[in-house]
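What follows is each chain in one-letter form.
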Amino acid sequence: MRFRLAHALLVVTLLPVTALGDSPVRQAVRPEEDILVMPGAIGQPGGRLVASLHTDPKTLNPVTVVDLPSKEVIALLSADLIHINLYTQRTEPALAKSWNVSPDGKRYTLEMRKGILFSDGHPFDADDVVFSFKVYLDDKVHSPQRDLLQVGGKPIQVRKLGPYRVVFDLPAPYAAAERLFDSVSILPRHLLEHAYEEGTISKAWGLATPPAEIAGLGPFRFKQYLPGQQIVLERNPFYWKADARKNRLPYLDEVAFLVVPTEDAEVIRFQAGDVDVIKVNPENYSALEGNQHARDYSLYDLGAGFEYDFLFFNLNDLSAKQLPEIGRKQEWFRRTEFRQAVSAAIDREAIVRLVYQGRATPLWDQVTPANKLWINPAIQQPLRSLERAAALLRTAGFSRGADGTLVDVHGSPVEFSILTNPSNTQRTKIATIIQDDLGQLGIKVHVVPLEFQAIMTRVFDSYDYEASILGLVSGDADPNPEINVWTSGGGTHLWAQTETRPLAPWQTEVDALMQRQTTVLDYRKRKQIYDRVQELVATYDPVICVVSPNILVGAKNSLAGLKPSVMRNYLLWDAEQLFWRRETVGRRQAVGPSSH
Amino acid sequence: MMRNKKIWFAAMPLALVHILVLGARFFAPYDPAQQHRDAPFAPPMRIHFLDARGKFHLRPYVCARLNQTTSTGSPRYAEDCSHVWPLRFLVSQEAGVFGAAPGTTWHFLAVDAPGQVFLLGTDDYGRDQLSRLLHGGQVSLFAGLLATGLSLGLAMVLGGAAGYFGSWLDDGIMRVAEVFMALPWIYLLFALRAFLPLNVGARQSFFLLVSVIGLAGWARPSRLVRGVVLSAKQRDFVRAARGFGASSVYILRRHVLPETYAVVLTQAALLISQCILAEVTLSFLGLGVGEPVPSWGNMLAALQKYYVLENYWWMLVSGLVLVPIFILYHLLADALQARIKPSGSPEMSSLTPQRLRVAI
């Protein structure tokens, strides 16, 4: 009964959307089109898929996007030249149908697909590619992509060689250079060149822009945005991929993202059937698990993802700041033995069990088991040992006072605070467990819940914190994007943002190794180099890696073509191949806005 | 006599609750922060007097807990009555952190190691809910009592002064009281928390809570006190005292304020439950004492998560105990009011319970 009511409500609330009109007519494949034929099941066209976002997207502009909700939407609206298949983690042709590399590894010549069209029907050619890279590489535009398109501090040179051929000149040989092209969305020159010349391109394509002025090469195109409620995408009738029977993809008529502010609300809406796909945390996974059969959905535990959660201490140079109390405590934090002792005292196994219900992997360095190509299996995974921790602290000059508290060489008690954001309940729980773990060494820990933005300000600007628990997600399986984190002077060198030159010998070695691996082209040699980096991180604990949560997703059983990936967008990265099984298309259409 | 009975009926159980909470270190089986990491979300254990064969045991026992949790999935437990742990009363236990000198503590109730007794279940870290409930009461109940004391103290001074001296002082204090009632306290507290240093210890945050709740609550009772003082200062014995040349402070202290005691006492019984609720609300939102120190509010905070609310009913226990405590305090307030009415002056008797409640 409750179900009926939910559906009835949905029909009522979606009525205004229904009035917007039909979905675009699917265009037949023309012979002159260099269409990409995708392997996989042959699907059935039609229907609407509902996903959810935690906050409203901020923009539809691929040049300036930084926030995750916008990125998730833009990923469906745009396409790149060479794409990383999130299932195999290897590169595959996208808008570039082929490419070749010069023997010195510095020149890439890409051959574009001929005869394909943007989602507004305008043809695509090499000029669009050259224009796109000009925008991304322009200083004045301040695109976050710009940093990624630099090799050794110098930008890539882009040149048109023919109507469908573009040459990319790298300033230095760069390992896995074709991965650079992934997620660099190609922009329509005919729509954005005017804004670029006027210098307003970073303000273009906001959410208030009429859908007709936005076009891309992705499987879907923008249809409607209702602030605080939903953003609706419709099928791109000109999309350049087809299935094995030459049916133009995507199958779905529409994808809608509902704005659902919390994960608990998301879970309830998923159970009610309002949302078709979901990513959940382990606790909600357990809560949803029991209803799988009754509610006709399936949950998938995809194993470890690319996120690593870690505890880190403030090792910034604070001489320019008025923070004497933290400066005093840094004397402890800078001792390698102190950090090693903290690492030895953390009960990672209990964290996996209590916080993640077993759906996580304990970590001692930054590479998670998801990254099969780069993980170093030789990294030691010592069990928790309070004896070892206590011994390490003794060698560093710490001792136990009469009441059991740990005191340093000056006799002052060891006490510090850990910042966590309460919006991430897992991290707060990790902090509470670490608090208890370190309490057994006589270290007094305060857990301080603080809003995420406030933590970011303290970590990146004011350096007014003692320790914090945060997580990082590698953007790619390749180690290259990690340079920012591990080399001194990197933008995400969290624990010591002020460190412009390496201060410790191991940091000097990490810097050299990370730079060297970018220029070595042979995978096995690069692997050796990165293995050593992992070893150094695990030994010197600049950050104390704790755990990597499993990626847990759920989807309705009638949704077919799913290839869940441990990387974002977990279930929607191949949205063009998703389809509703026949018997359900009718039902969904009776509810969805594209019904006739 | 009948009325006295009513007061005792409310006051005795309340006294018992406060004694239990004050003696939490003794009555609680465990340290409230001790994590039993093999037993997260363990359900409350049954106390058995009769065994499987129907034999009665004078010394009750609990059954061992069988952990059926798989390596992944939510914790599941079953009773395993092939191993039983008799409850022991008044036992001494060795306690102490790793590597430090152990100390001895006395406990009202315990079972022999390695048995465990969780009469109200455990939370997500495997911490004993009963121990947390008792220790949490120290924060919640006494924050309520102290904040009420502060509120009423302020109310007597400010309300008394406003009522007795009148004119501009009366106007000033009453306008301030109105402003205080209009302030959005929760938002102010969020702002206040952002300005405080990060390392606020449990004791500091407790006193901060008390002062904030106390400051927030003085306005309404002070208006009531002012009303009583206004009528009392017209009474003949007050005029007589003034005629004999008594000072204002003397008259207030000796003649006027004692007239308000009955009203204030009734107010206290009502205000205490409101202050407890305020503490619980603030801690629930993460503005109270921090983990791992328990309070009834931060114990309830776990219920903000959907899966906890759905699966683990025993996490509600700190919310449930509020109900009888509030009812008892209200019964006490009613009984006190009933005592005031007949013995008080004509003016006082016009403050019927209904009117009082409107005034609150």
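Fair warning: this is a prediction, and the values are worked out from it, not measured in the lab.

S.K.: I would appreciate a short explanation of the overall build of chain A in the present structure.
M.R.: If you tally the helices and strands in chain A, you get 17 helices and 26 strands. When the backbone C-alpha atoms are referred to their principal axes, chain A occupies close to 80 × 65 × 40 Å. Going through the 596 residues of chain A one by one, you find that 47% of them count as buried. Considering only contacts within chain A whose residues lie at least 6 apart along the sequence, 69% involve residues at least 24 apart.

S.K.: Please clarify how the domain arrangement of chain A should be interpreted in this entry.
M.R.: Residue and element names in this part refer to chain A. As assigned here, chain A comprises domain 1 (1-55 + 234-296 + 557-567 + 574-596), domain 2 (79-217) and domain 3 (307-475 + 543-549). The interface of domain 1 with domain 2 comprises ten residues on the first partner and eleven residues on the second. Considered class by class, the residues forming the side of domain 1 that touches domain 2 number three nonpolar, two polar and five charged.

S.K.: When you look at the nonpolar core in this model, what are you seeing that I'm missing?
M.R.: Nonpolar side chains tend to gather and get buried jointly when the protein is soluble and globular. Formed by 175 residues in total, the largest nonpolar core has its most connected members in Leu76, Leu81 and Val255 of chain A together with Ala143 of chain B. The element that contributes the greatest number of residues to this core is helix H9 (residues 248-284) of chain B, accounting for 16 residues. Core analysis: the next-biggest nonpolar cluster, separate from the first, contains 56 residues, Phe312, Phe416, Val459 and Ile469 of chain A among them.

S.K.: I tried to follow the sheet that holds strand E3 (residues 77-86) of chain B on my own but got confused; where do I start?
M.R.: Note: strands within a sheet are paired through backbone hydrogen bonds, in either parallel or antiparallel orientation. Residues and elements named next belong to chain B. On the basis of which strands lie adjacent, the open sheet formed by three strands has the order E1-E2-E3 and antiparallel pairing. A single partner strand is all that each edge strand has here, and the edge strands are strand E1 (48-50) and E3. Strand-to-strand twist across the sheet, computed as the mean angle between neighbouring axes with direction ignored, equals 50°. As paired elements, strand E2 (residues 56-67) and E3 share seven bridges and run antiparallel to each other. Residue pairing across strands places cysteine 63 opposite valine 84, the latter belonging to E3.

S.K.: Even after reading the chapter, I still don't get the pairing of strand E22 (residues 444-449) of chain A, so can you show me in this structure?
M.R.: In regular strands, side chains alternate between the two faces of the sheet. All names here are of chain A. In terms of burial, E22 is largely enclosed, as five of its six residues are buried. In this sheet, E22 lies alongside strand E21 (residues 415-420) in parallel orientation, the contact comprising six bridges. Across the sheet, the residue bridging to glutamate 415 is lysine 444, located in E22. Considered for its hand, the β-α-β crossover made up of E21, helix H12 (residues 425-439) and E22 is right-handed.

S.K.: Before we go on, may I ask you to explain the interface of chain B and chain A in this structure?
M.R.: Interfaces are frequently sized by the accessible area removed from exposure as the parts join. Across the contact, 27 residues belong to chain B and 33 residues belong to chain A. In the side of chain B that touches chain A, the residues fall into eleven nonpolar, eleven polar and five charged.

S.K.: When you look at the pairing of strand E12 (residues 230-235) of chain A in this model, what are you seeing that I'm missing?
M.R.: Residue and element names in this part refer to chain A. Burial analysis of E12 places six of its six residues in the buried class, which makes it a mostly covered element. For strand E11 (residues 220-226) and E12, the ladder comprises six bridges, and the chain directions are antiparallel. Each residue of the ladder has a partner; that of leucine 226, found in E12, is glutamine 230. From the end of E11 to the start of E12, which pair antiparallel, there are three residues, and glycine 228 there has a positive phi angle of about 75°. Two elements, E12 and strand E14 (residues 254-259), share five bridges in a ladder whose sense is antiparallel. Each residue of the ladder has a partner; that of isoleucine 231, found in E14, is phenylalanine 257.

Rules behind the numbers
Along each chain, numbering runs from 1 in the same order as the chain's sequence is written. Lettering of chains starts at A and numbering of ligands starts at 1, both following the order in which they are written. Predicted model: local features are reported for residues with pLDDT of at least 70 only, side-chain atom pairs are reported and counted for 80 or more only, and whole-chain, interface and lining totals are derived from all residues. Helix and strand definitions follow DSSP, with helices as H or I runs of at least four residues and strands as E runs of at least two, each counted in order from the N terminus. Neighbour density around each residue's C-beta defines its exposure: 20 or more other C-beta atoms within 10 Å make it buried, 12 or fewer make it exposed, and counts between make it partly exposed, where C-beta atoms are placed from the backbone. By the convention adopted here, residues make contact when the C-beta atoms placed from their backbones lie within 7 Å. Domain borders in the structure are assigned automatically or taken from a domain database. Amino acid classes used here: Ala, Val, Leu, Ile, Met, Phe, Trp, Tyr, Cys and Pro are nonpolar; Asp, Glu, Lys and Arg are charged; the rest, including Gly, are polar. Connectivity within a nonpolar core runs through C-beta atoms within 7 Å, and the core itself is a set of buried Ala, Val, Leu, Ile, Met, Phe, Trp, Tyr and Cys residues. When DSSP locates at least two bridges between a pair of strands, those strands are taken to pair. Here an angle of 0 to 180 degrees is reported between the N-to-C directions of two axes, which are lines fitted to C-alpha atoms, with helices fitted over the stretch in contact. A crossover gets the label right-handed when its path from the first strand over the helix to the second runs clockwise, viewed with the strands pointing away from the viewer.

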